[in-house]
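# Remarks on the overall topology
Next come the chains, spelled out residue by residue.
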Amino acid sequence: MSRWIVRGLRSGVRTSPFPAREDPEANDAPSAVELDVRGLTARTALAAAEACPTDALVAEGDLRRGRLSFDLGQCILCGRCTRLAPEAFRPVHDPRVAVRARGRLSRRVTWSAGGGPVEEAMELELTGRLRERSFRVFGRSLHIRHVDAGSCNGCESELQLLSSPYYDLARLGLFFTPSPRHADALLVTGVVTRNMEAALQETYAAIPEPRLVVAAGVCAIGGGCFAGGIMTHGPLDRLLPVDVYVPGCPPTPLALLHGLLLAVGKAEERRSASPAPVAGAGRKGEG
Amino acid sequence: MSRLAELAPALGLTPEAGPPGELRAICASASFTDLAARIAVDAHLSDLFASVNPEGIVLTAVFSLAGDPDWLLLSTLLSGDRFPSLTPRVHAASWYEREIAEMYGLVPEHHPAPVRLRLHDWPEGMPPMRCRLAPGERAPRGERPEVVPEVRGQGVFQLPLGPVRSGPQEAAEFLFNSGGEDLVAVWPRLGYKLRLVERLAEGRPVEAVLALAERLAGTSTFSNGLAFVQAVERAAAVEVPPAARLARTLLNELERLHHHFGAVGRVADATGLLVAAAQYAMLKEEVLRTCAALTGHRYSRGILAPGGLAAPLAAEGMAELAGRLPDWRRRAAGLGALLEDTATFMDRLEGTAVLEPGYAAQHDLVGPIGRSTGVDRDVRRDHPYAAYAELAFEVPTDARGDAEARVRVLLAEIGQSLGIVQQALDRAPAPSAVPPDAPLGAGSALGWAEAPGGETLHFIELDAGGRVRRWRARPPACVNWHPYAHACASGNNLTDYPVIEASFALSHAELDR
């Protein structure tokens, strides 16, 4: 047994400096895709929507007049749009992609004769509970009950790594708990399947108030590529009130950490991910 | 001529050649079961599935023989909704037939246990793969008919575990029957994660179904995607350039590495060996980071495309891999040796959850679980794909069938995979050009790959417009869950259960689909 202790000590400290500092070593994988309207043309908008395997990019209209909806809550990070139109769709390596309001994951651009695509001002759809009071009530620690509501196991693979030396979520006061009675937060992964719906609802009901709900991964947020199936429910926030949305397929371990810290008010949303649209102030497209 | 090609005429079948390595025979529905049973005397039953065709319902059985590079697909057009069950003669057909029965509403006559496998409260009389529902329409909730074996005896009680598990794990439920210490019987209740991906694929373009194939299961993303994309390439006769084949081989092995590092780490965790669990978790994380550096995704999602790779492997990723590989080899060898030298670890594995080779053989098992019961099968060697035919590797086996055998096979496979990655690196895969969009037309083919859990088979049928008409996915967990309950009941204690589950490392997402 002493040989294991020596081996463990010899590895030294491998833990990520996130969130105090950036962790470039963990950021090879993008956490999200960002739309830069300045690089978008009507042609690339239509082509990217055609190539998108989910409803993350949906276009209507033609080259003369049309509209593109961009929903990070359905983006499975397949990389098709970023390869097709790198000047408009860029991978985001910053792990701080979680948001408190579902609407912050969506953008919309329109184009019409004589003009390139411009950003459309959008009402924030507050499907989630945009709570004014932060959950500082939880003090310095948060106990999390995870429910796999029908994932591919990619999200669980990443969640399990949160306990590994590289991420060590306990250093941030975050813990997984087996009992919903001891939990402060419900973390849901996967598209909610018909067969998991009852277990999910019962787990939520067993968590004492106040309780947070985190939707991790696009399956839980919008259904991802499993949306519209006869065995799946689609968005979690149609069943439960969601406080934090962590996009990704799966969300990277750092994105999950950021989402959990955001839930307890120990982190902020990344501002540049969703520039607040101002009515009539859309940027003129260049193409 | 392969042995399967010789066998078919002896049974009165005239197989036509399908895509390379695929023999296809069609028979009358009345003789299907008998022929399948006679072929299965020697051959492995690798899959059995139904499809809805314009003419009616087609049953297809897929066979393979050890040491034979061909697959044999035997199909029949059913004349009604009933067919004689193959299960009484071929035990490995049991779960396939239960799936056909619940999903297609067919009746396998004389099946010994014709109960549902993955459906819970889905109403009777509307088979999910055949029923019509308007978009957004929900089927009403019906009964959940099931047969849960009840164990009687003094002090025997039933203890449910799941479907919400203790940690961040997959949703699954196991009913334990215990007398206190001993695990008398374990009854897995499956299907909690049923997404019905095969129905979701119908009518969709190949690219969208590839995204689904990559999301059957997270830790077998690449191999399932690869088997699917190879099926498409074979159906459309698309050539894959050598550089792309080598790159695919490299990624297939990196996936095996991160899966196996994770699996061994979980076994260590189940035995309370936390330092080992942490050490293996670090290795897994490093492999995932290297995959991200190579492909832009930690699980290599989105890198595959029909004809090659959607983007060349990044040069920085190759450099990172070359830098890390010697360290991985050193650490993996050191950790493996230390585990085998740790009595508290090995004692928990020895004789735990035994699958006797004779019993296991009836299930036509695949992958590390099959190989730990002495089944010497590996599609990388037996049906070479990508660049495996050019690389040297061994297929480790162990015939004891207990948790120790399973872990030893995993450890040996880690060594082999590291060796394959080294060989692929030595050949320095040239950046492969992005393939032009291949025109896809009507066609069908089988695709396969050795996923971390064993061979994964994907059968696809494309329509004239190149869209997917039928996609059948048979990942390894569909096969390997079958004897699980039996292994649990081989004289183990309740406290062995975490070790048993970890040593099998079976995917629920793959089975439930």
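Owing to the predicted nature of the structure, the values given are computational and were not obtained by experimental measurement.

What follows covers helix α9 (residues 315-340) of chain B. Along an α-helix, residues three or four apart share an orientation, since each turn contains 3.6 residues. The end-to-end C-alpha separation of α9(B) is 37 Å, in line with the 38 Å expected for 26 residues at 1.5 Å each. In the structure, α9(B) departs most strongly from a straight axis at Arg324(B), where the bend amounts to approximately 35° and where the proline Pro326(B) lies between one and four residues downstream. Three or more residues of α9(B) are buried, namely Gly317(B), Met318(B), Leu321(B), Leu325(B), Trp328(B), Arg331(B), Ala332(B), Leu335(B), Gly336(B), Leu338(B) and Leu339(B). The secondary structure elements touched by the buried residues of α9(B) are α1 (2-10) of chain A together with α7 (242-270), α8 (274-295), α10 (343-349) and α14 (403-426) of chain B.

Bringing the layout of surface pockets into the picture now. The calculated volume of the second largest pocket comes to roughly 1000 Å³. In this structure, the second largest pocket is lined by 31 residues; those nearest its centre are Glu50(A), Ala51(A), Arg80(A), Glu207(B) and Ala208(B). For the lining of the second largest pocket, the secondary-structure elements that each account for two or more residues are α2 (42-51) and α3 (80-84) of chain A together with α5 (206-213) of chain B. A per-class count over the lining of the second largest pocket returns 18 nonpolar, five polar and eight charged.

Our next topic: the side chain of Glu404(B). Here Glu404(B) shows up in helix α14. Among all residues touching Glu404(B), those that are not within four sequence positions of it are Met346(B), Leu349(B) and Glu350(B).

Applying the stated criterion across every chain yields a total of 13 aromatic pairs over all chains. On the basis of an interplanar angle of 50° and a centroid distance of 5.4 Å, the ring pair of Trp71(B) and Trp448(B) is categorised as tilted. In this pair, Trp71(B) sits in strand β5 (residues 71-77) while Trp448(B) sits in strand β13 (residues 443-451), placing the two residues 377 residues apart along the sequence. On the basis of relative accessibility, which here comes to 0%, the residue Trp71(B) falls in the buried class. Judged by relative accessible area, Trp448(B) falls into the buried class, the value being 7%. Across the ring face of Tyr204(A), the terminal group of Arg211(A) is positioned such that the distance to the ring centre comes to 4.0 Å. In this structure, Arg406(B) packs its charged tip against the face of Phe504(B), placed 3.9 Å from the ring centre.

What follows deals with the pairing of β13(B). All names here are of chain B. Of all the nine residues making up β13, eight are buried; the element is thus mostly covered by neighbouring parts of the structure. Bridge count for β13 against strand β14 (residues 454-462) is nine bridges, and the pairing is antiparallel. Counterpart to Ser 444 in the pairing with β14 is Glu 461. Between β13 and the antiparallel strand that follows it, β14, lie two residues.

Bringing the domain arrangement of chain B into the picture now. Segmenting chain B into domains produces domain 1 (3-109), domain 2 (157-189) and domain 3 (197-512). The centre of domain 1 of chain B, based on its C-alpha atoms, is set 35 Å off from the matching centre of domain 2 of chain B.

Before going further, it helps to spend a moment on the pattern of salt bridges. All names here are of chain B. All told, the structure shown has 59 salt bridges over all chains when counted by the stated rule. Residues Arg 248 and Glu 233 are paired through a salt bridge, measuring 2.6 Å at the closest nitrogen-oxygen approach. Of this pair, Arg 248 sits in helix α7 while Glu 233 sits in helix α6 (residues 221-235), placing them 15 residues apart in sequence. No difference in accessibility class separates Arg 248 from Glu 233, as the two residues are buried.

So, on to the packing of α7(B) against α9(B). All names here are of chain B. Between α7 and α9, whose axes approach to 13 Å, the crossing angle comes to 35°. The way α7 lies across α9 gives a crossing that is left-handed. Note on element contacts: α9 touches α7 through Met 318, Leu 321, Trp 328, Ala 332 and Leu 339, opposite Leu 250, Leu 254, Phe 261 and Val 264. Split into classes, the residues belonging to the contact of α7 with α9 amount to nine nonpolar, no polar and no charged.

Attention now moves to the environment of Ile144(A). Residues and elements named next belong to chain A. Positionally, Ile 144 belongs in strand β7 (residues 142-148). A sequence separation of 40 residues divides Ile 144 from Asp 184, and the C-alpha atoms of the two residues are 6.1 Å apart. Other than its neighbours up to four places away in sequence, Ile 144 contacts Leu 174, Phe 175, Phe 176, Thr 177, Ala 185, Leu 187 and Leu 260.

Right, let's get into the sheet that holds strand β8 (residues 157-161) of chain B. Residue and element names in this part refer to chain B. Across the sheet, four strands lie side by side as β8-β9-β10-β16; this open sheet has antiparallel pairing. Unpaired on one side and paired on the other, β8 and β16 (492-493) mark the two borders of the sheet. Strand direction decides the pairing type here: strand β10 (residues 182-189) and β16, joined by two bridges, are antiparallel. Bridge pairing links Asp 182 to Asn 493 in β16.

Rules of the game
For every chain, the first residue of the written sequence is number 1, and numbering continues from 1 onward in sequence order. Numbering of ligands from 1 and lettering of chains from A proceed in the order in which they are written. A pLDDT threshold of at least 70 governs which residues receive local features in this predicted model, and a stricter bar of 80 or more applies before side-chain atom pairs are shown or counted, although totals over entire chains, interfaces and linings include all residues. With hydrogens and water excluded, all non-hydrogen atoms of the structure serve as input to the side-chain values. Only DSSP runs of H or I covering at least 4 residues are called helices, and only runs of E covering at least 2 are called strands; the numbering of each starts at the N terminus. Each residue after the first adds 1.5 Å to the expected span of a helix. The term bend refers to the angle at a residue between two fitted axes, each drawn through seven residues, those ending there and those starting there. Relative accessibility decides the category of a residue: with a 1.4 Å probe and only protein chains considered, values under 20% of the type maximum give buried, values over 50% give exposed, and everything between is partly exposed. For this analysis, residues touch if any pair of their heavy atoms sits within 4.5 Å. As defined here, a cavity is a set of points on a 1 Å grid over the protein atoms alone where a 1.4 Å probe fits but cannot get out. A pocket is an open set with protein on both sides within 12 Å along at least five of seven lines, and residues line them when an atom is within 4 Å of a point. Grid points are joined across faces, edges and corners, and a volume is the space filled by probe spheres set on the points. Side-chain classes follow a simple rule in which Ala, Val, Leu, Ile, Met, Phe, Trp, Tyr, Cys and Pro form the nonpolar group, Asp, Glu, Lys and Arg form the charged group, and the remainder, Gly included, forms the polar group. Think of it this way: a Phe, Tyr or Trp ring, Trp meaning its six-membered ring, pairs with another when their centres are within 6.5 Å, and the plane angle makes it stacked under 30 degrees, edge-to-face over 60, tilted otherwise. Put simply, a charge is over a ring when the Lys NZ or the Arg CZ is close to the ring centre, within 6 Å, and near the line of the ring normal, within 35 degrees. When DSSP locates at least two bridges between a pair of strands, those strands are taken to pair. Bear in mind that the domain bounds are from an automatic or database domain assignment. Within this document, salt bridges are pairs made up of a side-chain nitrogen of Lys or Arg and a carboxyl oxygen of Asp or Glu, the two lying within 4 Å of each other. Between N-to-C directions, angles span 0 to 180 degrees; the directions come from axes that are lines fitted to C-alpha atoms, helices contributing only their stretch in contact. Note on convention: near helix rotated counterclockwise from far helix by under a right angle means a left-handed crossing. Clockwise means right-handed.

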